[in-house]
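As a plain string of letters, each chain reads:
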There are 2 protein chains.
Amino acid sequence: MPTNYSQLVSSTLNSDRNAIAKTITLIENQSGPYKEILDALYSHLGNAYRIGVTGPPGAGKSTLTNHLARLIRDENLKVGIIAIDPTSPFTGGAVLGDRLRMGDLALDRGVYIRSMASRGSLGGLASTATQVADVLDAAGYQIIIYETVGVGQVELDIADAADTTMVMLVPEGGDIIQGLKAGLMEIGDIFILNKYDRPGAERMEKDLEYVLHLKEPTSGWSPKVMPTVANRGSKIETVWAEINRHRDFLKNNNLLHHRRQLRLKKHLKAIIRAEIEHRFWTPLRDKMLSDYLVKDQPDLSPYTLASKMVEELMSKI
Amino acid sequence: MPTNYSQLVSSTLNSDRNAIAKTITLIENQSGPYKEILDALYSHLGNAYRIGVTGPPGAGKSTLTNHLARLIRDENLKVGIIAIDPTSPFTGGAVLGDRLRMGDLALDRGVYIRSMASRGSLGGLASTATQVADVLDAAGYQIIIYETVGVGQVELDIADAADTTMVMLVPEGGDIIQGLKAGLMEIGDIFILNKYDRPGAERMEKDLEYVLHLKEPTSGWSPKVMPTVANRGSKIETVWAEINRHRDFLKNNNLLHHRRQLRLKKHLKAIIRAEIEHRFWTPLRDKMLSDYLVKDQPDLSPYTLASKMVEELMSKI
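Since we're looking at a predicted model, the values are computed, not measured.

(A) Highlighting the sheet that holds strand β2 (residues 79–85) of chain A. All names here are of chain A. As summarised here, the arrangement of the 7 strands in space is β3-β2-β4-β1-β5-β6-β7, forming an open sheet in which the pairing is parallel. With partners counted over all chains shown, the strands left at the sheet margins are β3 (111–117) and β7 (224–227), one partner each. The mean inter-strand angle of the sheet, taken between neighbouring strand axes irrespective of direction, is 20°. Alignment of strand β1 (residues 49–55) against strand β4 (residues 143–149), held across 7 bridges, turns out to be parallel. Each bridged residue has a counterpart across the sheet, and for T54 the counterpart in β4 is T148. Against the sheet, helix α4 (residues 61–74) contacts β1, β2, β3, β4, β5 (164–169) and β6 (190–193), and its axis sits at roughly 175° relative to β4.

Right, dumping it as structure tokens:
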């Protein structure tokens, strides 16, 4: 391995925080020898358990995550937190503000916190999140929590990258049907009803349980609704117990392996997609595209042009 | 052109509603001769103006769209509405319920309404939305409105597919900062503050104008905040006037052409990406992947496997 990144790899494996940060930045920017580094780290993956927490803004995801992290630390497990901000696709910056609230956790060497923006990487968010989690896994973190706001694709991406996916809702959301339409039913292994001390909580709990009940469990797992009041730290231990129950369920039914194979498959396809696209756009093809675009009356439709360009590549196989 | 789809193409060009519906379904499912049809329709594109409406659930997007459609019909222009439901990625079904509210519009032959799910097509949502809009454009619809809920990628996709992007907010949202963080600042050409009769509306209007004011307009266009009460049909004509003002601005500054070139470029790249991926996964490569996944102790990391598979393709060029 060339020295330029072998040092970064070995320091990352030794859980050196600066090295971890540098490695993750390379991955986020898809720059430098990031693929070589991921490759070198791969044989050191330690089977970290990966938990996704998703839900609307203000649901209390960060607060729950912080409390969970403390419980995990009490068991002497190292925890990595990846806070994904789907709302900053442009700046590329991710907001660390929330993290300031973490207080004692921020000083705990057994906790690594990283914010990342969800700007469109070639391989997609699920792929980037998996890669960042792989770094923390190789660095010895046993539990990894992804935390993200979002509807639609972001949530699906996180579910793709996680072993257990938790969906967090609040009574005032009222948008329970909206939320369930959002495919949350399908991705949630555990439903957290936070701010349970607010009006309408019990009603919402019943509605939610009813809707969940309607769904035929395909895997044999029936997701529960867990009431919490995260800002008072109330009932967090029941959530942690439920995560462990889900983990045991997956393991005992050989579903964890299956989930991870599926994840690896999607991840591989995403890596390949990104790699091909990266290599497809040679300066020559870039020029073909530019030449086409400046024409006022293109002689070809974009579909014909695309077919020609792809055919030219694929016919050589 | 083979007869199997030439009939569909000519009927679509004649604005036959059944033909349009069939064509769009083929595109949504990426099945049948959909690429050939898009190719055949391409030379008939009539320069339809494309408007995106986005914002949180319950902001009043459908209501605004319906009223806008009536104004557009008053000018004797044909209008196509593409309602994208980012919340049904799983079923593949799109909800037509909202459309039932359209009443008279639903019977107007000058209006075509289509719901589509935003499930992950290979080319991405922006690409599929553009293709569906192309069909309506070729069928003679002069104004096309995309309407979608969503944060993050969905909104960006719609902005990519639209000439004018409108962001709709409501006072009770309160989430103005959340919304602006969401990159909405960057994509909004017009901001609609709906439910302006609700408490807090004026305060929110001022906040919003202040934040928009902070942003240096890069194109010379300063987005305005337009108050509306869509469910009473109030101020919709000012929104339509503002859309036309933005359209004129883009045209007069040669920015419309530039926007559309950029859109075509992204669209072309998406088509090519989808085409390559489709052709890459031959039965042989599928088998290589499956064989790799079943190994308990893979001899290669996924990165090495991906590189090998891509190298094998690309080295032949």
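(B) Layout of the confidence of the model for chain A. All names here are of chain A. Scored by pLDDT, chain A comes out at a mean of 85, with 86% of its residues at no less than 70. Mean pLDDT values over the elements of chain A span from 61, in helix α8 (residues 176–187), up to 97, in helix α10 (residues 236–252). Across residues 88–98, confidence stays below pLDDT 50; counting only partners more than four residues off in sequence or on other chains, it has 28 contacts. Listed scores for the predicted complex are pTM 0.78 and ipTM 0.79.

(C) Summary view of the sheet that holds strand β3 (residues 111–117) of chain B. Residue and element names in this part refer to chain B. What the 7 strands build is an open sheet, ordered β3-β2-β4-β1-β5-β6-β7; its pairing is parallel. Because the sheet does not close on itself, it has two edges, and the strands there are β3 and β7 (224–227). Across the sheet, the axes of successive neighbouring strands diverge by a mean angle of 20°, strand direction being ignored. With respect to the sheet, helix α7 (residues 125–138) is in contact with β1 (49–55), β2 (79–85), β3 and β4 (143–149), its orientation differing from that of β2 by roughly 160°.

(D) Spatial organisation of helix α2 (residues 17–29) of chain B. All names here are of chain B. A rise of 1.5 Å per residue sets the reference length of α2, with its 13 residues, at 18 Å; its end C-alpha atoms lie 18 Å apart and thus fit the reference within 8%. Within the span of α2, buried status applies to A19, I20, T23, I24, L26 and I27. Looking straight down α2, one finds its buried side chains confined to an arc of 155°; they lie on one side. Opposite the buried face of α2, at more than 90 degrees from it, the exposed residues are R17, N18 and N29. Two residues or fewer after α2 comes Q30, characterised by a positive phi angle close to 45°.

Rules behind the numbers
For every chain, the first residue of the written sequence is number 1, and numbering continues from 1 along that sequence. In the order they appear in the text, chains get letters beginning with A and ligands get numbers beginning with 1. This being a predicted model, a pLDDT of at least 70 is required before a residue's local features are given, and a value of 80 or more before pairs of side-chain atoms are given or counted; all residues contribute to the totals for chains, interfaces and linings. A pair of strands is treated as paired once DSSP finds two or more bridges between them. Numbered from the N terminus, helices here are DSSP runs of H or I no shorter than four residues, and strands are runs of E no shorter than two. Comment: axis = line fitted to C-alpha atoms, over the contacting stretch for helices; angle = value between 0 and 180 degrees taken between N-to-C directions. We call two residues in contact when their backbone-placed C-beta atoms lie within 7 Å. The pLDDT score gives, residue by residue, the confidence of the prediction method on a 0 to 100 scale. By this rule, a helix spans an expected 1.5 Å times one less than how many residues it contains. Exposed residues have 12 or fewer other C-beta atoms within 10 Å of their own C-beta, buried residues have 20 or more, and partly exposed residues fall in between, where C-beta atoms are placed from the backbone. Directions are taken from the helix axis to each C-beta atom, and the arc is the one they span.

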